Amino acid sequence: PIGSLNDRMTDQLFRLRYLIGLEPRASPRLIHVVVNDGTRTALGVTRWDRRVFGQVLDLLRESEARVIACDIFFQDASLANNDAPLLDALRRSTTVVLPVLVIPEERADASDNPIAADRKSLQGQRITINPVVTRNGNPPIGEDVVPPFLGLSEAAVTFGHINASPDLDGVNRRVPLLYRYWEGYVPALSLAAVMEYFGVTERNIAISFGRYIILRDARIGDDERREVRIPIDGQGRMILDVPGPWVDSFASFPVQNLIAASLDDQSRLHLFDLLEGSLVVISDVSTTNRDHAPGVFESVYPLSGLHMTALNSM
């Protein structure tokens, strides 16, 4: 009860801060590219057409965006000619962090199956990180991990989970940055992306549960390196510093506008200036995707906002 009361009081403080105009500044290096309700009509593509995503990845590569965090989960393979542009663009692209889903552990004997254990070992080597733990905690444990379809998983090198962790009242106030899985940890999409953006490997990460995650020798800007500390609770969750309602939180660039700007010489120069060196999050915020849940400010909040808010704080 005390925790729930504290959450509701904190919600009111976030709302008050927004009302008096003190919301935190959005990083100019954090760019949100979205598929919205008008994208498919504007581009004349169906909901399952993946060729446009390959086009977007190629465009971001040409613009020299530093890191791309993909918040769109391609679980199943499609037709070969539909998947090929996406796969080819992924192989050519700069660092792309692909999403995985973690299935929480529910059975005490879940790891007793030797076949499952062998598969977990192989999967864990690619998906998990093995940082130094200086203070133990109680992170959630993953029973299994669902990656993107096989061809896409084989072409990718970096992964992050997109699990949400709502509180008892259904509101998403925290992001679980780490899931314990096999012999390591599956990082959240936001943590995996910021590791790539700051040029931090797992050897330079220290975790003190109930205190912080330390990213050592993080590349801040072009010529500065320093230590970054990300506050977490005993379960490895980060409290989100929610700036405000979704429409006022972060500028989002619809995919169709991005492609249109790339076709005009003058607009293309401005676009590439904006994207160069940035961390780009690609999300599907269309109503048909239904990737939303209650938030601090509204009852229908796109879950991609969790990654954006976490990244902005980091």
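Residues numbered from 1 in each chain as written. Predicted model: local features only at pLDDT ≥ 70, side-chain atom pairs only at ≥ 80, totals over all residues. Heavy atoms only, no water.

1. A few points about the packing of helix H7 (residues 189–198) against helix H11 (residues 304–313)
One can describe the packing of H7 onto H11 by two numbers: an axis separation of 9 Å at closest approach and a directional angle of 40 degrees. As judged from the angle between their axes, H7 and H11 are oblique. The element H7 and its partner H11 pack so that their crossing is right-handed. Across the interface between the two elements, Leu189, Ser190, Ala193 and Val194 of H7 pack against His307, Ala310 and Leu311 of H11. Counted by class, the contact of H7 with H11 contains five nonpolar, two polar and no charged residues. (Axes fitted to C-alpha atoms, helices over the stretch in contact; angles between N-to-C directions. Helix = DSSP H or I, 4+ residues; strand = E, 2+ residues; numbered from the N terminus. Parallel < 35°, antiparallel > 145°, perpendicular 65-115°, else oblique. Left-handed = near helix turned anticlockwise from the far one by under 90°. Contact = heavy atoms within 4.5 Å. Nonpolar A, V, L, I, M, F, W, Y, C, P; charged D, E, K, R; others polar.)

2. Some details on H7
Of all the 10 residues making up H7, nine are buried; the element is thus mostly covered by neighbouring parts of the structure. Every buried residue of H7 is listed here: Leu189, Ser190, Leu191, Ala192, Ala193, Val194, Met195, Tyr197 and Phe198. Positive backbone phi, at 65 degrees, marks Gly199, one or two positions downstream of H7. (Buried < 20%, exposed > 50% of the residue type's maximum accessible area, 1.4 Å probe, protein only.)

3. Description of unusual backbone geometry
Trans peptide bonds make up the majority, and among non-glycine residues the majority have a negative phi. Positioned with a positive phi, Glu64 is a non-glycine residue whose angle comes to about 70 degrees. Relative to the helices and strands, Glu64 is located in the loop between helix H3 (51–62) and strand S2 (67–70). Even without being glycine, Trp182 reaches a positive phi, approximately 55 degrees. Relative to the assigned elements, Trp182 resides in the loop between strand S8 (178–181) and strand S9 (184–187). What makes Trp182 partly exposed here is its relative accessible area of 33%.

4. A look at the sheet that holds strand S4 (residues 132–135)
Across a sheet, strands are paired by hydrogen bonds formed along the backbone, either parallel or antiparallel in direction. Sheet architecture is open: four strands sit in the order S4-S10-S11-S12, paired in mixed fashion. Among the strands making up the open sheet, the edge pair consists of S4 and strand S12 (224–231). Here the strands of the sheet are splayed against their neighbours by 25 degrees on average, with no regard to which way each runs. In this sheet, strand S11 (residues 212–220) lies alongside strand S10 (residues 205–208) in antiparallel orientation, the contact comprising four bridges. By the bridge assignment, Ala206 is partnered in S11 with Ile214. In this fold H7 packs onto S10, S11 and S12, with an angle of close to 35 degrees to the strand it touches most, S11. (Pairing = 2+ DSSP bridges.)

5. Quick notes on helix H1 (residues 2–19)
An ideal rise of 1.5 Å per residue puts 26 Å on 18 residues; H1 measures up with 26 Å between its terminal C-alpha atoms. Looking only at H1, the buried set comprises Asp7, Asp11, Phe14 and Arg17. Along the axis of H1, the buried positions cluster into a sector of 125 degrees, meaning they face one direction only. Residues of H1 that are exposed and angled more than 90 degrees away from the buried face: Ile2, Leu13 and Leu19. In the core, the buried residues of H1 are packed alongside strand S7 (174–176). Just downstream of H1, Gly21 is the residue with a positive phi angle, here 80 degrees. (Expected span 1.5 Å × (residues − 1). Arc of directions from axis to C-beta.)

6. Regarding the pairing of strand S3 (residues 95–104)
Pairing of S2 with S3, which is carried by three bridges, proceeds in the parallel orientation. Within S3, the residue paired with Ala69 across the bridge is Val97. After leaving S2, the chain enters helix H4 (residues 80–92) and then returns to the sheet as S3, a path that is right-handed. As paired elements, S3 and strand S6 (residues 158–161) share four bridges and run parallel to each other. Note that in S6 the partner of Val97 across the bridge is Thr158. The pairing of S3 with strand S5 (residues 142–146) spans four bridges and is classified as antiparallel. Note on S5: the bridge partner recorded for Pro104 is Gly142. (Right-handed = clockwise from strand over helix to strand, strands pointing away.)

7. Considerations on empty space enclosed by the protein
For the structure shown, the criterion picks out four cavities of 30 Å³ or more. Space inside the largest cavity adds up to approximately 80 Å³. Sorting the residues of the lining of the largest cavity by element identifies H3, H4 and S3 as the ones contributing at least two each. Its residues assigned to classes, the lining of the largest cavity comprises 10 nonpolar, no polar and no charged. (1 Å grid on protein atoms, 1.4 Å probe; cavity = no way out; pocket = protein on both sides within 12 Å on 5 of 7 lines; lining within 4 Å. Points joined across faces, edges and corners; volume = space filled by probe spheres on them.)

8. Regarding the packing of aromatic side chains
Throughout the structure, instances matching the rule amount to five aromatic pairs. Arranged with centres 5.8 Å apart and planes meeting at 85 degrees, the rings of Trp246 and Tyr301 form a pair that is edge-to-face. Residue Trp246 is found in helix H8 (residues 246–249), and its partner Tyr301 is found in strand S17 (residues 301–302); the two are separated by 55 residues along the sequence. Residues Trp246 and Tyr301 agree in their burial class; the two are buried. In this structure, Arg180 is placed above the aromatic ring of Tyr185, and the distance from its NZ or CZ to the ring centre is 4.8 Å. Lying over the aromatic face of Tyr212, Arg229 brings its terminal NZ or CZ to 4.5 Å of the ring centre. (Phe/Tyr/Trp six-rings, centres within 6.5 Å; stacked < 30°, edge-to-face > 60°. Lys NZ or Arg CZ within 6 Å of the ring centre and 35° of its normal.)

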